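# Chains, contacts and geometry: an overview
Now for the letters of each chain:
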Amino acid sequence: MAFDNATVTGSIVLLLLSTLGYWLYRRKVARRKLPPGPPCLPFVGTLLSADLNDFVGTFATWAKRYGSVFTSQLGPFTAIVLNDPAVIKEAFSKEVFIPRPQFWSIDQRRILNNNTRGIVFADGETWKEHRRFILQTFRDFGVGKSGMEEKIVEETRHFIRALRASQSRPLDNKVPLSTTVANVIAKILSGARYEETDPIFLQYLADVSETFSVSLDKIILDVFPWAKYFPTLNGTKTKLFATQRRLKEFMQAICEDHRKNWVPGKNEDLLDTYLTAIQSGQYKSFSSTFGSTLNGVPCGRSLDPSIFFSFQATEIPLILEDLFEAGYETTTTTLRWGFLMMCLNPEVQAKVQKELDDVVGRDVIPKPSDKYHLPYFEATLQEVHRFGSIVPLGVDHCAAEDTTFAGYSIPKGAWLTANLRFIHHNDAWWDQPDKFDPSRFLGPEGERRAAEYLIPFSVGKRRCVGEALAKAELYTIFAGVLQNFSLQLPPGVTASSVSLLPTTGITADTKPHEICYIPRGK
Ligand code: HEM
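All chains use their own residue numbering, which begins from 1 and follows the written sequence. Where local features are concerned, this predicted model is filtered to residues with pLDDT of at least 70; where side-chain atom pairs are given and counted, the filter is 80 or more; whole-chain, interface and lining totals use all residues. The side-chain figures draw on all heavy atoms in the structure; neither hydrogens nor water molecules are used.

Going by what an unreviewed UniProt entry lists, the protein is known as Cytochrome P450 2J6 and is assigned to Hypsibius exemplaris.

Here it is, written out as structure tokens:
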């Protein structure tokens, strides 16, 4: 039987149309059960209605329109955005929402790093065991206790010296503050300390900042990975790979150096504790990576390999990289907001300084474990967290399987985004949210009040691993600077000319600015 061309073409068109119709119908039925959201177009989803340079602003607008949970379709990815602290607490306490989404740039990083995923983007047993190990090690080291705090005081003194050297002239604190915070985390992770002028260290810090930045090209590559074949994206890809490679080399060099020079029994930093765990022989997979001896000491292979199987030495460099990145950029950015807000709110600055003077004096830099009674100072730090909201959309989680939540169907693989900045700046939970006012965290007698809706470190099973360390750093560095200096905008710069719009990225920094650090008289 012969068919003419018109019949064949007509049949193909009909087949394609009915397939498309069926796909659209299935999609509509599926979307009916999803949380509401802006109109969703085939292929691009809701991307065309979003400001791709400002997802934080777009998600805030949509949260106002669609309520506590909405859906945003980012090309093939379904993002469920959570806009209420109670909803986030409920979602992030669920086992089914523990995993992280995997997308193109994260995949490239995994491939570059011997198929490992670090800690921030790890899942399953690997994530659980490393997270437990890191938290335990931080606790053993006394993070948030006095031993660790001494290291922070030492770095704060370096920072104060750098500020004094500016001789009250306008200074952008980005580099000296970054090196201060990075040196605290470096000490804890590997015992190292870097000079503020070390070019390799400065390049490393610049690379970390680069990984936290978001650009249209990066969004396109993550949402439509096939776009990597577009020559126009070659520049972005090359830069991304070069940055990732330098970060890897930096961490691998530290790990290798540590391994070579490690002496059994030394447990002074996180790498030491990992090496001790490997050398103990409890973990078969450790010894297979390092060979049967580690620095001349035989590694046992006798114990059950199914226990802690994921502690492969090859995981460690990327875990270090994650801790370094998550730990340094966030804390630096929070402090930058804090110092800028002191310039813009001199009455708050004066009150903090008076409290510090009255309770601590100026000769000792306070540490959290000193347990001074500093309610206004502590409320100011909380207000800095709220105002800065420096991880504006948290770190995405994703659904391990099809499930239901808040009365909606959530498909396997859907991302869950915590709209933290929206919550911290919403009048449903805060009186005059755009005003910087530490007293909102104080009761009528000036006593500290529970901050139920303040969740800068997120909540639940993946809550920030470095919260105790970050809080200790913020406390000591902020106090040390305000004890020693009055912070002012440079001459000629008015408060009204300072932009309070955050930068766009995974972390939300202040716009570039300078501050005069004027030594306080005795
Ligand atoms: C002011 C400082 C900081 C802020 C605001 C902050 C905030 C956050 C947030 C919002 C998350 C996402 C939690 C989630 O997935 O629900 C997170 C995760 C994480 N943070 Fe922090 N962080 C800070 C400092 C630190 C420090 C100092 C470290 C390292 C020592 C650190 C290490 C991590 C790690 C490893 C994760 C991933 C945890 C996991 O996936 O299980 N952070 N942080």
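Structure shown, so let's carry the discussion forward.
## Observations concerning the nonpolar core
Put simply, a nonpolar core is a bunch of buried Ala, Val, Leu, Ile, Met, Phe, Trp, Tyr and Cys residues held in one set by side-chain atoms that sit within 4.5 Å of each other. Buried, partly exposed and exposed residues are distinguished by accessible area as a fraction of the type maximum, computed with a 1.4 Å probe on protein chains only: under 20%, between the cut-offs, and over 50%, respectively. The biggest cluster of nonpolar side chains holds 138 residues, and the ones touching the most others in it are L82, I88, F324, F339, F377 and L487. The dominant element in this core, judged by the number of residues it contributes, is helix 13 (residues 315-344), at 14 residues. Only heavy atoms matter for contacts: two residues are in contact if any of them lie within 4.5 Å across the pair. If we skip the residues at most four places from it in the chain, F324 touches A182, I185, A186, L189, F201, Y204 and M251. Helix numbers and strand numbers start at the N terminus; a helix is a DSSP run of H or I with at least 4 residues, a strand a run of E with at least 2.

## Things to note about unusual backbone geometry
Even without glycine at this site, Q167 takes up a positive phi of about 50°. A positive phi angle, near 35°, is found at S389, a position not held by glycine. For S389, the location among the structural elements is in the loop between helix 15 (375-388) and strand 5 (397-398).

## Notes on the pattern of salt bridges
Counted as salt bridges are all cases of a side-chain nitrogen of Lys or Arg within 4 Å of a carboxyl oxygen of Asp or Glu. In the structure shown here, the tally under the stated rule is 30 salt bridges. Note that E154 is salt-bridged to K187, the shortest N-O span being 2.9 Å. Of the two residues, E154 sits in helix 6 (residues 146-165) while K187 sits in helix 7 (residues 174-190), which places them 33 residues apart along the sequence. Taken together, the shared-partner salt bridges connect E154, E155, K187, R193, E195 and E196 into one network.

## Remarks on the environment of L171
Of note, L171 is situated in the loop between helix 6 and helix 7. C-alpha of L171 to C-alpha of I515: the two residues are 344 residues apart in sequence and 5.3 Å apart in space. Filtering out sequence-adjacent residues up to four positions away, L171 remains in contact with L163, S166, P176, H513, E514, I515 and Y517.

## Looking at the side chain of T334
Residue placement: T334 occurs in helix 13. Take T334: its relative accessible area is 6%, and that puts it in the buried class.

## Observations regarding the confidence of the model for the protein
Note on scores: pLDDT gives the predictor's confidence for each residue, bounded by 0 and 100. Summing up the model confidence of the protein, the mean pLDDT is 88 and the portion of residues at 70 or higher is 87%. Counting contacts from residues 285-291, a segment whose pLDDT is below 50, to residues more than four positions away or on other chains yields 23 contacts. Across the predicted assembly, pTM comes out at 0.90 and ipTM at 0.99.

## As for the pairing of strand 9 (residues 485-488)
Residue alternation in strand 9 divides its side chains into a buried set, F485 and L487, and an unburied set, S486 and Q488. Here strand 9 runs beside strand 10 (residues 516-519); their pairing, made up of four bridges, is antiparallel. The residue bridging L487 from the neighbouring strand is Y517, located in strand 10. Whether two strands pair depends on DSSP finding at least two bridges between them.

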